[in-house]
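Residues per chain are reported as follows:
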Amino acid sequence: MNFRQLVLIIFLFIPALLSGQPSPQYNSAEIKQGLKKLNVLGSALYIAAHPDDENTRLLAFLAKEKNFRTAYLSLTRGDGGQNLIGNEQSELLGLIRTQELLAARRTDGAEQYFSRAIDFGFSKTSDETFRIWNKEQILADAVWVIRKLRPDIIITRFPEDARAGHGQHAASAIIAREAFLAAGDPKRFPEQLKYVEAWQTKRILWNTYNFGGLNTTADDQLRIDVGTFNPLLGKGYGEIAAESRTHHKSQGFGSAKQRGEAFEYFVHTAGQQAKQELFEGINSNWNRIPGGEAIGKMIRQADQSFNTDRPSESVTALINILKQVEKLPQGYWKEQKSRELKDLIAAAAGLWFESYSAQSTYASGDSIQIRSEVVLQSDLSVKLVSVDNKIQNTDLKKGGLKSLKGSALANNITDPYWLNENHPPGIYTIRDLQLVGHPENPAAADIDFVFNINGKNLSYKRPVIYKYTDQVRGEIYQPLIIAPAVTASIAEKAFVLAGNTTKTIQVHLKSYRDKSSGILIPRLPEGWKIDPVQYTFQLSKKGDEQTVQFTVSPGENAAAGKFVLNIQSEGKILNRGNKVIDYDHIPLQTLFPLAEAQIARMDLKTGGKKIGYIPGAGDLIPESLQQIGYQVNTITEAEVMNGNLNQYDAIITGVRAYNVNERLALMQPKLMEYVSKGGTLLVQYNVSNPLLVQDIGPYPFKISRDRVTEEDAEVVFPEKDHPVLNYPNKITSKDFEGWIQERGLYFTNAADPKYSRILSMKDQGESPKDGSLLVSNFGKGRFVYTSLAFFRELPAGIPGAYRLFVNLITLNKGN
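Reference entry: report on the structure contained in this document. (Residues numbered from 1 in each chain as written. Predicted model: local features only at pLDDT ≥ 70, side-chain atom pairs only at ≥ 80, totals over all residues. Heavy atoms only, no water.)

1. Thoughts on empty space enclosed by the protein
Here the idea is plain: a probe the size of a water molecule rolls over the atoms and shows the empty space left. Applying the stated rule across the entire model yields four cavities of 30 Å³ or more. Roughly 70 Å³ of internal volume is contained in the second largest cavity. In terms of lining, the second largest cavity is formed by 13 residues, of which the most central are Q82, N83, Q89, G618 and F791. Across the lining of the second largest cavity, the residue classes break down as four nonpolar, seven polar and two charged. (1 Å grid on protein atoms, 1.4 Å probe; cavity = no way out; pocket = protein on both sides within 12 Å on 5 of 7 lines; lining within 4 Å. Points joined across faces, edges and corners; volume = space filled by probe spheres on them. Nonpolar A, V, L, I, M, F, W, Y, C, P; charged D, E, K, R; others polar.)

2. Topic: the pairing of strand 36 (residues 650-653)
A two-sided burial pattern is seen for strand 36, the buried positions comprising A650 and I652 on one face and I651 and T653 on the other. Taken together, the four bridges between strand 34 (residues 610-614) and strand 36 define a ladder with parallel strand orientation. Paired with I611 across the two strands is A650, which belongs to strand 36. Examined bridge by bridge, strand 36 and strand 37 (residues 680-683) share three bridges and lie parallel to one another. Bridge pairing links T653 to V683 in strand 37. (Buried < 20%, exposed > 50% of the residue type's maximum accessible area, 1.4 Å probe, protein only. Helix = DSSP H or I, 4+ residues; strand = E, 2+ residues; numbered from the N terminus. Pairing = 2+ DSSP bridges.)

3. A short note on the pattern of salt bridges
Note that side chains of opposite charge can pair when their charged atoms are close. Counting across every chain of the model gives 43 salt bridges. Notably, a salt bridge pairs R473 with D584, separated by 3.3 Å at the nearest N-O pair. Remark: D584 occurs in the loop between strand 31 (579-581) and strand 32 (589-591) and R473 occurs in the loop between strand 19 (456-470) and strand 20 (474-479); sequence separation between them is 111 residues. Judged by its relative accessible area of 37%, R473 falls in the partly exposed class. By relative accessible area, D584 is classed as exposed at 58%. (Salt bridge = Lys/Arg side-chain N within 4 Å of Asp/Glu carboxyl O.)

4. Quick word on unusual backbone geometry
With an omega of 0 degrees, the peptide bond running from N689 to P690 counts as cis. Along the polypeptide, P690 turns up in the loop between strand 37 and strand 38 (702-703). A cis amide bond, omega -5 degrees, links Y727 with the succeeding residue P728. Tracing the backbone shows P728 in the loop between strand 39 (715-716) and strand 40 (748-749). Of note in this structure, K515 is not a glycine but carries a positive phi near 60 degrees. Note that K515 resides in the loop between strand 24 (503-511) and strand 25 (516-523). A positive phi angle is found at R656, which is not glycine, with a value near 60 degrees.

5. Remarks on the packing of helix 10 (residues 315-326) against helix 11 (residues 332-349)
Across the interface, helix 10 lies against helix 11 with an axial gap of 10 Å and an inter-helix angle of 165 degrees. Viewed along their axes, helix 10 and helix 11 adopt a mutual orientation that is roughly antiparallel. Relative to helix 11, helix 10 is oriented so that their crossing is left-handed. Listed contacts from helix 11 to V315, L318, I319, I321, L322, V325 and E326 of helix 10 are K334, S338, L341, K342, L344, I345, A348 and A349. Here the residues of the contact of helix 10 with helix 11 are counted per class, giving eleven nonpolar, one polar and three charged. (Axes fitted to C-alpha atoms, helices over the stretch in contact; angles between N-to-C directions. Parallel < 35°, antiparallel > 145°, perpendicular 65-115°, else oblique. Left-handed = near helix turned anticlockwise from the far one by under 90°. Contact = heavy atoms within 4.5 Å.)

6. Details of the sheet that holds strand 24
Pairing within the open sheet is antiparallel, and its four strands lie in the order 22-24-28-26. In this open sheet, the two edge strands, each paired with only one partner strand, are strand 22 (486-489) and strand 26 (528-531). Put simply, the sheet's adjacent strands are angled 30 degrees from each other on average, direction ignored. As judged from the eight bridges shared by strand 24 and strand 28 (residues 545-554), these two strands associate in the antiparallel manner. The partner of I505 across the bridge, within strand 28, is F550.

7. Quick word on the side chain of E264
Secondary-structure assignment places E264 in strand 11 (residues 263-271). Judged by its relative accessible area of 4%, E264 is buried. Here R57 takes part through its side chain, which lies 2.8 Å from a polar atom of the side chain of E264. If we skip the residues at most four places from it in the chain, E264 touches N55, R57, N207, T208, L222, R223, I224 and V226. (Polar contact = N/O pair within 3.5 Å; in protein donor to acceptor, adjacent residues only side chain to side chain.)

8. Focus: the nonpolar core
By size, the foremost hydrophobic cluster in this structure holds 50 residues, and its most contacted members are L318, I345, L351, F451 and I453. Examining the composition of this core, we find that nine residues originate from one element, helix 11, more than from any other. Judged by nonpolar contacts, the second largest core, of 41 residues, contains I621, A713, L788 and A801. (Core = buried A, V, L, I, M, F, W, Y, C linked by side-chain atoms within 4.5 Å.)

9. What to know about the sheet that holds strand 5 (residues 203-208)
Reading across from one edge, 3-2-1-4-5-11-8 is the order of the seven strands in this open sheet, with mixed pairing throughout. The strands lining the two open edges of the sheet, one partner per strand, are strand 3 (111-114) and strand 8 (222-225). Across the sheet, the axes of successive neighbouring strands diverge by a mean angle of 30 degrees, strand direction being ignored. One ladder, built from six bridges, connects strand 1 (residues 43-48) with strand 2 (residues 69-74); its direction is parallel. Directly across from A48, in strand 2, lies its bridge partner S74. On top of the sheet, helix 4 (residues 90-108) reaches strand 2 and strand 3; it is set at about 150 degrees to strand 3, its chief contact. The strands that helix 7 (residues 167-182) touches are strand 1, strand 4 (153-156), strand 5 and strand 11; relative to strand 5, the one it contacts most, it runs at about 160 degrees.

10. Regarding the packing of aromatic side chains
In the structure shown here, the tally under the stated rule is 30 aromatic pairs. Taking 6.5 Å as the distance between ring centres and 85 degrees as the angle between the ring planes, the aromatic pair formed by F120 and W133 counts as edge-to-face. Here F120 is found in the loop between strand 3 and helix 5 (126-132), whereas its partner W133 is found in the loop between helix 5 and helix 6 (135-149), with 13 residues between them in sequence. The pair F120 / W133 is uniform in exposure class, with both members buried. Ring centres 5.0 Å apart and planes at 80 degrees place the aromatic pair Y332 and W333 in the edge-to-face group. Residue classification places Y332 among the buried positions, given a relative accessible area of 6%. Among the aromatic residues, ring-to-ring pairing joins Y699, F701, Y755, F778, F783 and Y785 into one connected group. Over the ring of Y362 we find K542, and its NZ or CZ is 4.5 Å from the ring centre. Over the aromatic face of Y746 sits the side chain of R707, whose NZ or CZ is 5.1 Å from the ring centroid. (Phe/Tyr/Trp six-rings, centres within 6.5 Å; stacked < 30°, edge-to-face > 60°. Lys NZ or Arg CZ within 6 Å of the ring centre and 35° of its normal.)

The values reported here are purely geometric and, on their own, carry no functional implication.
This is the structure in structure tokens:
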């Protein structure tokens, strides 16, 4: 490996301080843990499909007990899952789950990486998965990560067959095995060898399991006890694992802490087989590097003499060790351990240093005003040599806060790199190979610090972050945001118009610098009219906002397509909107999606006007119905119990409402009374556990795990004359064209004969399933239970989904 390759590896793939996180402050126990890690030169890579697939107990054990460099490669960001904390879906949910994974890794000590694969929802086989993923590209990404991290062992969460329980699970195991073989072959993906060398991992194993009713473990498998207690951390690995897993809040994965022995089991997949230990036959100490034996001895001595009351006493020893490491020939472990040593020296010396921006957001091309702060919290003699390449040569005093001002240029906007371009269903479009694998963008700006300690110059890099104080939450760190000069945001992803109706589209302009002006120009598909055809704006101050309204109307031959916005400003064409995701458990997420939305006209008749909505885990059904003229009111428990429900033409419960809303058990009798008096109640899908109300409908049915994942699966109408297929819209097979991700999930079964089973459908090679849509009259009204994925289809603007949904909530009182 040449020096240029090595520098690229270190710069691109050694985990940096994340852009929205404070500088690390290690206590004595953590420094002691770091000393032990210094003497371990081994690494492990865990591979699976999604956030929350990883074995957090094993990751914590490998990273903090065995002290191996440990990483998790999740092929996807979990974009296709469900969201229990809000209404974000697809890419936005992937952003949330990415940050939840990073929080999990900060807890269990592993690192986090991704491929460009998209979680497109549940799939039943790996063949189905690879029809949507570009298998060769995902394989290349996995090989890239392996060649950069150079793991000694690879561990998969799932097997390659149906026991994986999910097509993407099985696919992740196939990708892992093929990448294990390909990474060591210089003929595979040779374009990567400009930056890295081929790397042959010693072995790959499958981490078998006993959960979900399936036990794949056996007494003859390799097993290790990972339930041990770490006295430095004051926790066992079952406790750390629960803390790590609980970060997956969008998935409702709060976990109880486990204590005591716990065994993990492994089956050999390929490579050199291990019989007793995972790292059997792998030299994971300093002897694996020529000239490293003496360094290992020095580290052991530093560890043995470490004084928890005065960690600064170890600084001299650590600097001497670093000097010896720097004499080694260039190599992977030299650079990795040099970085670890520098971090430990700063921690033991009591050095704390950070850089902050004066404001949270800057426009691209503007100057970022920066304040850097340094504190020395020990009696050591430390000199601040330079900050941001500006010479200081200042002796630091214990406890004295040194503050320095500086600036940097705001360059590229901080939109997540994998969302910069539109993409096909299965993979994100990433042009820069060197970004692949990273969990998030590189820092928008960073500052170099150089200190002299014991005559040794040590350089560090810190991201520029924004910090403020919240009256409730206290000190808050968030990533520095670089924005376009002006954004034009559209709230909806799709607009649908019934017949020849007109629609008012609101565009939200926002300026990120003073004195912004320009022309906002909308573009529509052929056959549409818009008023005004353009809008001239002036925004005098940074942060100023303005809402612009456009009225669109379809002509006779109006084509479906995209509504696109361009901004002409200061000689540039801008085309981005703004979207913020703000939850307390993750750093603020700001992205700048393309300023565009789908628009289509459809043949749609509606009935009724007023809808009541009882929230569930989160969906965009209310907003979608408002688009086609319905008035949608969110109903509270008080209104259900004491109000006039008869004012509503229909009441809808949000997705998984009966899983998350404990008060529905009290509201249910009132809802059934509403139906019996002539109302329509539509219940969207739930899962069977936890089900907070056992009798959701007027007659019994059960909720299964059945689903139809092929979004283009044929739909059959067993009761083609049923009113919900004929009024007010005639439903045909054409209404099921263009659906996204899936037909439906968690279908019903064992339904009472009083229910009509309206639809039948199946995935390839399976028997038909008729539990996606149950309808029953009850008293004077109608009860509907649907497992169809309306929560995905309506926000995506699928015409047929709208037509069917309207039928379900429209009771023909003339019949």
